[in-house]
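# Results of the structural survey
One-letter residues, chain by chain:
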Amino acid sequence: MRMYDIIHKKRNGGELSEEEIRFFIEGYTEGEIPDYQAAAFCMAVYFQGMTAKETSELTLAMAESGDQINLGGVDGFTVDKHSTGGVGDKTSLIVAPIVASCGGKVAKMSGRGLGHTGGTVDKLESIPGFRTELNPDEFIKQVNDIGLCIVGQTGELAPADKKLYALRDVTATVESISLIASSIMSKKLAAGSNGIVLDVKTGSGAFMKTAEESEKLAKEMVSIGRSAGRSVTAVITNMDIPLGDSVGNSLEVIEAIKTLKGEGESELTEVCLTLAAQMLCMVTGEDEKTCFSMAKGAIDDGSALNKLREMISAQGGNAGVVDDYSLFKQPKYTAEIFSECDGYIEHTDAEKIGIASVILGAGREKKGDPIDPSAGIVLKKKTGDRVEKGDTLAVFYTDDESKIEEAKQEFFDAFTFGSEKPQPQKLIYKIIK
Ligand code: URA
């Protein structure tokens, strides 16, 4: 078999066999197939697409290219959640304790933030003492003991995807539905859970900017998961404006805690209850309405908040943060940002808010950059609100005072004002099973 012939076949719109796909993935992972041929392959897929069968086979080949987590030692139905990424997206910190407090087993591997989107591991590490690196035995034991453990990725999950994703990033081949779906699902399948709920974000702060593109991606991922024998549901949710009012690591943990206390913003609470309900449908076999009430009950009776406390303690963190937010590292500077315009906020561009928060120190431009856990933005006004000149739009938090002006420029660019109150946006677009 020759890589040249595989590229040629795909370029001309042919359907690749399982053997051809495995030849490519195994050869590329081993370093036998060079980057230039892999790049040509990705570009051929970008233009010609892949059939559902090809996409499934590509996903399985990538999932099997490295370590696969065996959750066989967990007693009960394991369920995972994945978000395609967004700004202010702290849903995992809320959803996972809700589901665990209702009997689900949440064994979750999360990532760090990159670019304008945040990552759950960075958020958890803003809790003093919290360990996100556990060995596999500690991970399984904690899931069996308390039903919940969230760690950073251990071992080499889907190394073929890691290599291919880095290549796609520099060859303009990221935006292919088949390649995105197989990239995300290869890691989720390797992470081992029986059930997977996907939060597919749509809008200005998301990867997929339109509901149509997001639906295509969601359907593709659900179909891949099914063929691999997993239960998969995708929920398409709004990421046109940041989710909740806080962007930044400890700020988002505090907002998650408030939400678990029943004091959260209604839209954030609604998205979290919807995701948790879908996970509970898989765990309990009950209908959506019953599971939504179950999830809501776990907030109302405090059991989800207690589950978060248990997880923080089990992973070495100071669970006192739940009741005393001053135990988080405090920023050196805070700055109120005042509106320079009058009118209704027509749009709040989530990506620009994310970038402003990275400038303040909350995120990293490249892998390995240090971050400031206390940096970020708390929004006081969002899309649909009426604002007068001089009203507080947000509060910035940072250790680097010199960054405030630059962040402010990016932040102001995120807003457009108008004279009419805009129509409220949809929060949950679709649930695909
Ligand atoms: N996230 C991934 O993991 N892979 C992609 O291709 C896009 C987003």
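First things first, this report covers the structure right here in the doc. (Residues numbered from 1 in each chain as written. Predicted model: local features only at pLDDT ≥ 70, side-chain atom pairs only at ≥ 80, totals over all residues. Heavy atoms only, no water.)

### Some points on the packing of helix H4 (residues 52–63) against helix H10 (residues 211–227)
The N-to-C vectors of H4 and H10 enclose an angle of 65°; their axes lie 10 Å apart at closest approach. For the element pair H4 / H10, the angle class is roughly perpendicular. Considering only the axes of H4 and H10, their crossing is right-handed. On H10, the residues that touch Ala52, Thr55, Ser56 and Thr59 of H4 are Glu220, Ile224 and Ser227. (Axes fitted to C-alpha atoms, helices over the stretch in contact; angles between N-to-C directions. Helix = DSSP H or I, 4+ residues; strand = E, 2+ residues; numbered from the N terminus. Parallel < 35°, antiparallel > 145°, perpendicular 65-115°, else oblique. Left-handed = near helix turned anticlockwise from the far one by under 90°. Contact = heavy atoms within 4.5 Å.)

### Some words on the sheet that holds strand E8 (residues 343–348)
Spatial strand order, E10-E8-E12: three strands in an open sheet with antiparallel pairing. If you trace the sheet from one side to the other, it starts and ends with strand E10 (386–387) and strand E12 (415–418), each paired once. In this structure, E8 lies alongside E12, joined through four bridges in antiparallel fashion. Bridging across to E12, His347 finds its partner in Thr416. (Pairing = 2+ DSSP bridges.)

### Describing the site of the ligand
Taken together, the neighbourhood of the ligand is formed by Tyr165, Arg168, Ile180, Ser183, Ile184, Lys187 and Phe207. Here an oxygen atom of the ligand sits 3.0 Å away from a polar atom, N or O, in the side chain of Arg168. Side-chain polar atom of Lys187 to an oxygen atom of the ligand: 2.4 Å apart, as the coordinates give it. Mapped by element, the contributors of at least two residues to the shell around the ligand are helix H8 (159–169) and helix H9 (177–190). Residue contributions to the shell around the ligand peak at four residues, all from H9. For the shell around the ligand, the per-class residue count stands at four nonpolar, one polar and two charged. (Near = heavy atom within 4 Å. Polar contact = N/O pair within 3.5 Å; in protein donor to acceptor, adjacent residues only side chain to side chain. Nonpolar A, V, L, I, M, F, W, Y, C, P; charged D, E, K, R; others polar.)

### Section: the packing of aromatic side chains
Taken as a whole and assessed by the stated rule, the structure comprises seven aromatic pairs. Between the aromatic rings of Phe24 and Phe41, the centroid separation amounts to 4.2 Å while the plane-to-plane angle is 35°, which identifies the pairing as tilted. Of the two residues, Phe24 sits in helix H2 (residues 18–30) while Phe41 sits in helix H3 (residues 35–48), which places them 17 residues apart along the sequence. Grouping residues by exposure puts Phe24 and Phe41 together as buried. A ring pair is formed by Phe396 and Phe411, whose centres lie 5.3 Å apart and whose planes are at 85°; its orientation type is edge-to-face. (Phe/Tyr/Trp six-rings, centres within 6.5 Å; stacked < 30°, edge-to-face > 60°. Buried < 20%, exposed > 50% of the residue type's maximum accessible area, 1.4 Å probe, protein only.)

### Things to note about the sheet that holds strand E1 (residues 79–83)
With mixed pairing, four strands are arranged side by side in an open sheet as E1-E4-E5-E13. Here the strands that pair on one side only, and so sit at the sheet edges, are E1 and strand E13 (428–432). Here the strands of the sheet are splayed against their neighbours by 15° on average, with no regard to which way each runs. The pairing of strand E4 (residues 195–202) with strand E5 (residues 231–238) spans eight bridges and is parallel. For Leu198, the partnering residue across the bridge sits in E5 and is Ala234.

### A look at the side chain of Thr173
Secondary-structure assignment places Thr173 in the loop between H8 and H9. A distance of 3.0 Å separates polar atoms of two side chains, one belonging to Thr173 and the other to Thr171. In contact with Thr173, other than residues within four places in its own chain, are Cys42, Met43, Tyr46, Arg168 and Leu179.

### Describing the side chain of Lys123
Among the secondary structure elements, Lys123 is positioned in helix H6 (residues 120–125). Its relative accessible area of 2% is what places Lys123 among the buried residues. Within the structure, Lys123 has its side chain in polar contact with the side chain of Glu252 (distance 2.8 Å). Ignoring sequence-local partners within four residues, the contact set of Lys123 consists of Asp89, Lys90, Leu93, Gly118, Asn249, Glu252 and Val253.

### Some points on the pattern of salt bridges
Applying the stated criterion across every chain, the model contains 30 salt bridges. One salt bridge in this structure joins Glu20 and Lys9, with 2.9 Å as the shortest N-O distance. Here Glu20 is found in helix H2, whereas its partner Lys9 is found in helix H1 (residues 3–11), with 11 residues between them in sequence. Judged by relative accessible area, which is 14%, Glu20 ranks as buried. For Lys9, a relative accessible area of 30% gives the class partly exposed. Salt bridges sharing partners connect three or more residues here, namely Arg112, Asp122, Glu125 and Arg364. (Salt bridge = Lys/Arg side-chain N within 4 Å of Asp/Glu carboxyl O.)

### Some words on helix H7 (residues 136–146)
Along H7, the residues classified as buried are Phe139, Ile140, Gln142, Val143 and Ile146. Within H7, the buried residues cover an arc of 160° as seen down the axis, which keeps them to one side. The exposed residues of H7 that point more than 90 degrees off its buried face are Asp137, Lys141 and Asp145. On its buried face, H7 sits against helix H5 (91–101), strand E2 (106–110), strand E3 (148–152) and helix H14 (303–314). The N-cap residue of H7 is Asn135: its side-chain oxygen and the backbone nitrogen of Asp137 are 3.0 Å apart. Within two residues after H7, Gly147 carries a phi angle of roughly 85°, on the positive side. (Arc of directions from axis to C-beta.)

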